[in-house]
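What follows is the residue order along each chain.
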Amino acid sequence: MNPPDTSTSSEIEPCERLKNRPHNIAENLAADSDWTIDDARELYGIQRWGMGYFGISEQGNATVEAPTINGVKTIDFSEILDGLKQRGLDMPVMLRLENLLDDRITQLNEGFASAIRETNYHGEYRAVFPIKVNQQNHVIAEIARFGERFNHGLEAGSKAELLIALSTLPSNDSLIVCNGYKDEEFIDLGLQARRMGLLVFFVIETPKEVPIILRRAKHWGIEPLIGVRVKLSTQVDGHWSNDAGDRSLFGLSTVQLIEIIDLLREAEMLHCLQMLHFHLGSQIPNIRNIRDGVTEACRFYLDLIKEGAPMGYFDLGGGLAVDYDGSASIDGHSRNYDLDEYCVDIIESIMASLDPHNVAHPTIVSESGRWTVAPMSVLLFDILDVNDFQPLPLPDPLPEGIHSSIDFLIDILRHIKVRRLQENVNDAIYYRDKARRAFQTGQVSLRERALAENICLTILHQVAQQVPEMSRPPESLLSIKDSLSDIYYGNFSVFQSLPDAWAIQQIFPVMPVHRLDEEPTRHAIIGDLTCDCDGQLNQFVGTAANTKTLRLHQLRDDEAYCLGVFLVGAYQETLGDLHNLFGDTNIVSVRVTEAGQLEFVRELKGDSIGDVLSYVEYEPQSIYEQFRARAEKAVREGKITVAQRQEMLQLFSESLRGYTYFEG
Ligand SMILES: Cc1ncc(COP(=O)(O)O)c(C=O)c1O
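The present account deals with the structure reproduced in this document. Given the structure is predicted, the values throughout are model-derived calculations rather than measurements.

## Notes on the overall build of the protein chain
Logical step 1: Helix and strand content of the protein chain: 24 helices and 21 strands.
Logical step 2: Reported as C-alpha extents along the three principal axes, the dimensions of the protein chain are approximately 95 × 75 × 55 Å.
Logical step 3: Counting all 664 residues of the protein chain, 55% fall into the buried class.
Logical step 4: Taking as baseline every contact in the protein chain between residues at least 6 positions apart, the subset at least 24 positions apart corresponds to 76%.
Logical step 5: Only carbon and sulfur atoms are counted for the fraction: they give 49% of the accessible area of the protein chain, which is about 29200 Å².

Printed below as a string of structure tokens:
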């Protein structure tokens, strides 16, 4: 540990200047009058991840570019925010944009249809939406409605999801694909639906399901439609690579597959086996993995036909990825292909494998969830507060002789030099920690410790300012900027609304939905309302690579500052939990008409405090009663008056009915 150097008076001069200049690096990004909305587009990468659905208006507001039958209509987020306010819908709000869902369904079905024409494929395409990706009633109802013209079906992984599928799908020609382990009741429901003419496929996950299917089919006298989910050896890149391969949780080994074929043949039911199913994993970033998987699956398809199964359906599961960070790469948050390439590559791979064997082209089924619903939802929340990690102005002159650690810190501050920045940081941290230890033993007072912390912070800010002047700054110095960034506290819960950001470090695009014509001068991470250090967003879509801070605007007094987290329609609502008892947010579905008008189609109030308490087995009424008894006792004891009791009880019952989030 080198002591800070002592210097000549000429070297002290810069320090005097430093004392007078702003300490915060972000503050030094003085608002640039040349800033344009193109700069904002570039900074937030909206053109890279926005899929053409989002833009920025000349007024500096985010926009939705909503496809309608009369072309794309632009809606300003300010209109959406005003509409929410007028309807008394507090932040946070999960905004669903119906036009985008409609467009995605159309694109997926038309993408395959045009690839089928282009490649002269003789089979058809059928989409099924996996209910687990977003089971919300309104979303499934819209998928069924928008998808009716394409016979867009549903995938059900449980009895509850099967009930949704059976009751929601309008067309008997839409597929219902049943995955997951199925008990007798599940099988009975599917068989009865077959009798009604619905195209329900049981995809066998384990040989144990076969005797149940055979027994119940015989009992009811109904022939089932059967699929087999195979385990491919193709490995995929990305986060969900364990969904494929020998150790994947789901899917049949070749040994199990043979067992099933033999069981079906023995029962004279092999003609019911018509679907091959596989799922390589969600969010597959690399198209090569998809091609390889399809090619391997075709070998299974061919041999199942050789075994005597009629087949006819080739279900490749989900995996069609979303380019969350707009990098168009094989990074797990992205993908190196688009929809057209996906469709053509799948079809070509099937044809290349099956045509040499003169096997009829199967109906291609895909279970794209994420790609279908991710863009439709935007989480909107306001910023409540900022912790800006700025040092306070230092006393002038700086006091000396209090404690040696503080003297050293002052000395470091006076002699910060570009060529010694790392040493300056090491020393500053060392003496700050020494001051902290001295506080513990009573040698340094609280006020003195605060001074030491403030000087250290000032040093770090000044070092961060000078790092760009270094020719080859080390990573440890580059990251100082991030460790000094602001924390913007948002009115939302990561665990409830963006669980994947916490659980699997998923990056979602985040950006302010207004003030985009002003340069954002702060560098920040975003903290949520939960008292949990994991409740933060600290990875963002960057211009070149993803970054640890997001540029945001300085808050203005009495003016709301609203951020949007985009592409959150898949999995987030479903996986969200009640950490700190923050419940479901308000949900609003909007539609843009062909005349370009914004319609608020549906509003769903978020959970009340009473609701979330009941989810964790409290009865709001009995809680109220317990509190009432306590208030009554306080009256009896003369601690409060009857009128004060009334006030308390009213507040208590209003709180039970109130929103779980911060109410402005
Ligand atoms: C069997 C099955 N089908 C479809 C999906 C949906 O995948 P994605 O959302 O990537 O389209 C999943 C999700 O992992 C799945 O397990």
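## Concerning the pattern of salt bridges
Pairing between side chains becomes possible if they bear opposite charge and their charged atoms approach one another.
Logical step 1: All told, the structure shown has 39 salt bridges when counted by the stated rule.
Logical step 2: Between glutamate 599 and arginine 591 there is a salt bridge; the shortest N-O distance is 3.7 Å.

## What to know about empty space enclosed by the protein
Logical step 1: Scanning the entire structure with this criterion turns up 6 cavities of 30 Å³ or more.
Logical step 2: For the largest cavity, the calculated volume is near 80 Å³.
Logical step 3: Looking at the largest cavity, the residues that line it are Met94, Gln496, Ser497, Glu573, Asp584, Thr585 and Ile587.

## Overview of the site of the ligand
Logical step 1: The ligand sits among 14 residues. The nearest are Ser282, Glu367, Gly369, Arg370 and Tyr571.
Logical step 2: At 2.6 Å from a nitrogen atom of the ligand is found a side-chain nitrogen or oxygen belonging to glutamate 367.
Logical step 3: Take glycine 369: an N or O atom from its main chain is 2.7 Å from an oxygen atom of the ligand.

## Some words on the side chain of glutamate 367
Logical step 1: Along the chain, the position of glutamate 367 falls in the loop between strand S12 (363-366) and helix H13 (370-373).
Logical step 2: Put simply, glutamate 367 is tucked away with no salt bridge, and the nearest opposite charge, on lysine 132, sits 6.4 Å away.

## Brief notes about the sheet that holds strand S2 (residues 62-68)
Logical step 1: Taken in spatial order, the 3 strands of this open sheet run S1-S2-S3, and their pairing is antiparallel. The two strands at the open ends of the sheet, each matched to only one other strand, are strand S1 (54-56) and strand S3 (71-76). Neighbour to neighbour, the strand axes of the sheet diverge by 35° on average, direction disregarded.
Logical step 2: Alignment of S1 against S2, held across 3 bridges, turns out to be antiparallel. Its bridge partner being in S2, phenylalanine 54 is matched across the sheet by valine 64.
Logical step 3: Sheet strands in contact with helix H5 (residues 98-119) are S1 and S2, and its direction is about 50° off that of S2.

## A word on the nonpolar core
Logical step 1: One finds Phe54, Phe77 and Leu276 to be the most contacted residues of the largest nonpolar core, which totals 153 residues.
Logical step 2: Once residues within four sequence positions are removed from consideration, phenylalanine 54 is found in contact with Ile46, Trp49, Thr63, Val64, Glu65, Phe77, Leu97, Leu100, Pro375, Val378, Phe566 and Leu567.
Logical step 3: In terms of nonpolar packing, the next biggest core, distinct from the first, is built from 27 residues, Ile412, Leu413, Tyr431 and Leu460 among them.

## Here's the deal with a negative patch on the surface
Logical step 1: Residues Glu118, Asp338, Asp340 and Glu341 make up a contiguous surface patch of negative charge.
Logical step 2: Its location among the elements puts glutamate 341 in helix H12 (residues 339-354).
Logical step 3: With a relative accessible area of 32%, glutamate 341 lands in the partly exposed category.

## Here's the deal with the sheet that holds strand S9 (residues 225-229)
Sheet strands pair via backbone hydrogen bonds, and the direction of the pair is either parallel or antiparallel.
Logical step 1: Spatially, S5-S6-S7-S8-S9-S10-S11-S12 is the arrangement adopted by the 8 strands of the closed barrel, whose pairing is parallel. Strand-to-strand, the axes of this sheet are offset by a mean angle of 25°, without reference to chain direction.
Logical step 2: Bridging between strand S5 (residues 125-130) and strand S6 (residues 153-156) involves 3 bridges; their strand directions are parallel. Bridged to phenylalanine 129 within S6 is leucine 154.
Logical step 3: Its contacts with the sheet put H5 on S5 and S12, and the angle it makes with S5 is roughly 155°.
Logical step 4: Taken strand by strand, helix H9 (residues 209-220) contacts strand S8 (199-204) and S9, and its axis lies near 145° from that of S8.

## Considerations on the packing of aromatic side chains
Logical step 1: In total, this model carries 20 aromatic pairs according to the counting rule given.
Logical step 2: For the pair phenylalanine 381 and phenylalanine 492, a centre-to-centre distance of 4.1 Å together with 20° between the ring planes defines the contact as stacked. Placement of phenylalanine 381 in strand S13 (residues 377-387) and of phenylalanine 492 in the loop between strand S14 (486-490) and helix H19 (494-497) is noted, with a sequence separation of 111 residues between them.
Logical step 3: Grouping aromatic residues by their ring pairs yields a cluster made of Trp49, Phe54, Phe77 and Phe566.
Logical step 4: Its end group placed over the ring of phenylalanine 600, arginine 87 keeps NZ or CZ at 3.8 Å from the ring centre.
Logical step 5: Over the face of the ring belonging to tryptophan 371 we find arginine 104, whose NZ or CZ atom lies 3.8 Å from the ring centre.

## Here's the deal with the packing of helix H8 (residues 184-195) against H9
Working note: a packed helix pair is described by the angle between its axes plus the distance between those axes.
Logical step 1: The geometry of H8 relative to H9 is characterised by a closest axis approach of 10 Å and an angle of 45° between their N-to-C directions. Relative to H9, the element H8 lies oblique. Between H8 and H9 lies a crossing whose hand is right-handed. Contacts between H8 and H9 involve Glu184, Ile187, Asp188, Leu191, Gln192 and Arg195 from the former and Ile212, Ile213, Arg215, Arg216, Ala217 and Trp220 from the latter.
Logical step 2: Considered class by class, the residues forming the contact of H8 with H9 number 6 nonpolar, 1 polar and 5 charged.

## What to know about helix H11 (residues 287-306)
Logical step 1: Between its terminal C-alpha atoms H11 stretches 29 Å, which fits the 28 Å expected from 20 residues at 1.5 Å a residue.
Logical step 2: Those residues of H11 that fall on the buried side of the exposure criterion are Ile287, Asn289, Ile290, Gly293, Val294, Glu296, Ala297, Cys298, Phe300, Tyr301, Leu302 and Leu304.
Logical step 3: In this fold, the buried residues of H11 make contact with S9, helix H10 (254-266), strand S10 (273-277), strand S11 (313-315) and H12.
Logical step 4: Structurally, the start of H11 carries an N-cap: the backbone nitrogen of arginine 288 is 3.1 Å from a side-chain oxygen of asparagine 286.
Logical step 5: Where H11 terminates, the next one or two residues include glycine 308, which has phi positive at roughly 110°.

Quick notes on the rules
- Residues numbered from 1 in each chain as written.
- Predicted model: local features only at pLDDT ≥ 70, side-chain atom pairs only at ≥ 80, totals over all residues.
- Heavy atoms only, no water.
- Helix = DSSP H or I, 4+ residues; strand = E, 2+ residues; numbered from the N terminus.
- Buried < 20%, exposed > 50% of the residue type's maximum accessible area, 1.4 Å probe, protein only.
- Contact = heavy atoms within 4.5 Å.
- Areas by Shrake-Rupley, 256 points an atom, 1.4 Å probe, with all protein chains shown as cover.
- Salt bridge = Lys/Arg side-chain N within 4 Å of Asp/Glu carboxyl O.
- 1 Å grid on protein atoms, 1.4 Å probe; cavity = no way out; pocket = protein on both sides within 12 Å on 5 of 7 lines; lining within 4 Å.
- Points joined across faces, edges and corners; volume = space filled by probe spheres on them.
- Near = heavy atom within 4 Å.
- Polar contact = N/O pair within 3.5 Å; in protein donor to acceptor, adjacent residues only side chain to side chain.
- Lys, Arg positive; Asp, Glu negative; His and termini not counted.
- Pairing = 2+ DSSP bridges.
- Axes fitted to C-alpha atoms, helices over the stretch in contact; angles between N-to-C directions.
- Core = buried A, V, L, I, M, F, W, Y, C linked by side-chain atoms within 4.5 Å.
- Patch = residues over 30% accessible without salt bridge, like charges linked within 9 Å, V, L, I, M, F, W, Y side chains within 5 Å.
- Charge placed at Lys NZ, Arg CZ, Asp CG, Glu CD.
- Phe/Tyr/Trp six-rings, centres within 6.5 Å; stacked < 30°, edge-to-face > 60°.
- Lys NZ or Arg CZ within 6 Å of the ring centre and 35° of its normal.
- Parallel < 35°, antiparallel > 145°, perpendicular 65-115°, else oblique.
- Left-handed = near helix turned anticlockwise from the far one by under 90°.
- Nonpolar A, V, L, I, M, F, W, Y, C, P; charged D, E, K, R; others polar.
- Expected span 1.5 Å × (residues − 1).

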